[in-house]
Amino acid sequence: MHGLIIDTTNQPWEESRGFQLAELERPSLDEAHNSDDASSVIVKVKYAGVCGSDRGLWYRNAFKDQFLAALERDKKPSRVVGHEFVGEVVEVGSKVNSLYWDPDPKNVAKIEVGSLVSGDSHVTCGKCYQCRLGEANVCMNEAILGITIDGIFAQYVKLPAKNLWAMDSSRIRPEVAAIMDPFGNAIHALSKVDVRGQRVAIFGAGPIGLFSVLIAQKFGAAKVIAVDVSAANLELAKRCGADETILIEPSEKANAWEHDTSVIERIRELTYGKGVDVSMEMAGPASSVNNAIDSTRRGGHVILFGVKDGDMTIPHFPRLIVAGLTIHCVIGREIFKTWQLSQRVLSQTSNGVQDKVWNVILNGGKDTVLNLSEFDPAVFEQTMNEHPKLIFNMEM
Ligand SMILES: [Zn+2]
Ligand SMILES: [Zn+2]
């Protein structure tokens, strides 16, 4: 079978780039030698989403320490990348059936041979303090698919059954099911605050920012403002239902982390001088974090999701406290509460969310669904830079 890997053999991290298509050994279940296999499954991957974090790995500008430390731990030079997927279960361990229970056997989202499944990219331990409290998204022993353990840009993959979420292809098309994981990031972020009747500014209109525009609207926000450095992304944000868009123009700033004055002024204008009730930072740069903070009204909420390596400067920090802001940091998804909510939002076809995800964010599949069998690094890199979201068709 084939898959996409990062191979560090003779290739220093900073001097390399991209993924390579490699011939890999097909995983199998071997309960006699590995007791964990009893609660694992083999999934034949159908579609796989390309994430912003995959872009970070492609250019080697994110996850270096985690990625290399995990290779060192496993004493191997290469890793299969990728973590957003939908696929078909082709083999199950002997204990998998005992992991699910429902009084009505028809309701059980069973994981069995033939099930269509997606799953969380954070493979959690189930044993630590946080996991036992039902907060597995902050598990102390989590592994991350495609970063600290082998990922899913492969034709077949072995996964713990407890990490999987059964999908119904009659309700959610498989290409959209493949990106339930990042869609869930936006759902999770928007479950931090009740946005009904609120004015919401979303900083960063990449895929998760665009999902947030769609969801904020459907959750009843009174006004959604999207902010980005790309006019093309803002056009997509409009098509997703943003009421207003603000293009960040390059400006003279003494420090890169400083907020963009014109953005803050425009948001004040759009909110009758008050600032937004809720701001969502979905991009990561320090200037964007300051834009989010400085455009939020006194007593408002700032939701931080974007991640960028390095230090952060927040000028005049005490004003956050004096203004009574509430800061929320969002990581991953609530497993599986977020998945349930995501499924409901996407399968309610009358709300138009799934159609927008497919027709706008995934461009109706035009140029955004790539065949793994035709993988060409140069073409892939160019396409990745032209579309906010790409999907691999994993059929070889
Ligand atoms: Zn992702
Ligand atoms: Zn845990």
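Just so we're clear, the structure is a prediction, and the values are computed from it rather than from any experiment. (Residues numbered from 1 in each chain as written. Chains lettered and ligands numbered in written order. Predicted model: local features only at pLDDT ≥ 70, side-chain atom pairs only at ≥ 80, totals over all residues. Heavy atoms only, no water.)

**Q** Is there a simple way to think about unusual backbone geometry in this case?
**A** Both trends apply: most residues other than glycine have a negative phi, and most peptide bonds are in trans. A cis geometry characterises the amide bond from Ile 335 onward to Phe 336, with omega recorded as 5°. Position of Phe 336 among the secondary structure elements: in the loop between β16 (326-329) and α11 (337-347). One non-glycine residue with positive phi stands out, namely Phe 63, at about 65°. Examined against the element boundaries, Phe 63 turns out to sit in the loop between α1 (52-58) and α2 (64-74). On the accessibility criterion, Phe 63 (27% relative accessible area) is partly exposed. For Asp 367, which is not a glycine, the phi torsion comes out positive at approximately 65°. (Helix = DSSP H or I, 4+ residues; strand = E, 2+ residues; numbered from the N terminus. Buried < 20%, exposed > 50% of the residue type's maximum accessible area, 1.4 Å probe, protein only.)

**Q** What is the right way to read the coordination of the zinc ion (ligand 2) from this model?
**A** Four donors placed tetrahedrally about a metal ideally form angles of 109.5 degrees, and six donors placed octahedrally ideally form angles of 90 or 180 degrees. Coordination sphere of the zinc ion (ligand 2), protein contribution only: Cys 125 (SG), Cys 128 (SG), Cys 131 (SG) and Cys 139 (SG), at 2.3 to 2.4 Å. One chain supplies every donor to the zinc ion (ligand 2), and in sequence these donors are spaced C-x2-C-x2-C-x7-C. Assigned by exposure class, Cys 125 and Cys 131 land together as buried. (Donors = N, O, S within 2.8 Å, 3.2 Å for Na, K, Ca; no water.)

**Q** Is there a simple way to explain α11 in this structure?
**A** In an α-helix, one full turn covers 3.6 residues, which means residues spaced three or four apart are oriented alike. Considered for burial, the residues of α11 that qualify are Thr 338, Trp 339, Ser 342, Gln 343, Val 345, Leu 346 and Ser 347. Buried residues along α11 sit against β6 (116-119), β10 (164-166), α4 (174-177), α5 (180-190) and α12 (353-361). (Contact = heavy atoms within 4.5 Å.)

**Q** Teacher, can you tell me more about the nonpolar core here?
**A** One broad rule of soluble globular proteins: the nonpolar side chains tend to lie buried together. Counting 52 residues, the largest nonpolar core has Met 167, Phe 183, Phe 211, Met 280, Leu 346 and Val 357 as its most contacted members. For this core, the leading source of residues is helix α6 (residues 207-218), giving seven residues. Formed jointly, this core draws a minimum of three residues from each of two domains, domain 1 (2-183 + 334-393) and domain 2 (193-329). With near-sequence residues (within four places) excluded, Val 357 lies in contact with Val 176, Ile 179, Phe 183, Phe 211, Leu 214, Leu 346 and Leu 362. (Core = buried A, V, L, I, M, F, W, Y, C linked by side-chain atoms within 4.5 Å. Domains from an automatic or database assignment.)

**Q** Help me understand the domain arrangement of the protein chain, please; the structure alone is not making it clear to me.
**A** You'll often see interface size given as the accessible area lost when the parts meet. Taken domain by domain, the protein chain holds domain 1 (2-183 + 334-393) and domain 2 (193-329). Here the C-alpha centroids of domain 1 and domain 2 sit 29 Å apart. Summing both partners gives a buried area of about 1300 Å² for domain 1 against domain 2, and 80% of it is carried by carbon and sulfur. Looking only at domain 1, the three residues that lose the most surface to domain 2 are Val 360, Ile 361 and Pro 388, adding up to 38% of its buried area. (Buried area = accessible area lost by both parts, 1.4 Å probe.)

**Q** Just to check I follow, could you spell out the pairing of β6 for this structure?
**A** Where a strand is regular, its side chains alternate between the two sheet faces. Burial along β6 is two-sided: Leu 116 and Ser 118 facing one way and Val 117 and Gly 119 facing the other are all buried. Where strand β5 (residues 84-92) and β6 come together, two bridges link them in antiparallel fashion. In the sheet register, Gly 87 faces β6, and the bridge partner there is Val 117. (Pairing = 2+ DSSP bridges.)

**Q** How should I be thinking about the packing of α5 against α6 in this particular structure?
**A** Between two packed helices, what matters for the description is the angle formed by their axes and the separation of those axes. Viewed as axis vectors pointing N to C, α5 and α6 meet at an angle of 50°, and their least axial separation amounts to 9 Å. Judged by the inter-axis angle, α5 sits oblique to α6. Crossing of α5 against α6: the hand is right-handed. Residues Pro 182, Phe 183, Asn 185, Ala 186, Ile 187 and Leu 190 of α5 form the contact with α6, whose participating residues are Ile 208, Phe 211, Ser 212, Ile 215 and Ala 216. (Axes fitted to C-alpha atoms, helices over the stretch in contact; angles between N-to-C directions. Parallel < 35°, antiparallel > 145°, perpendicular 65-115°, else oblique. Left-handed = near helix turned anticlockwise from the far one by under 90°.)

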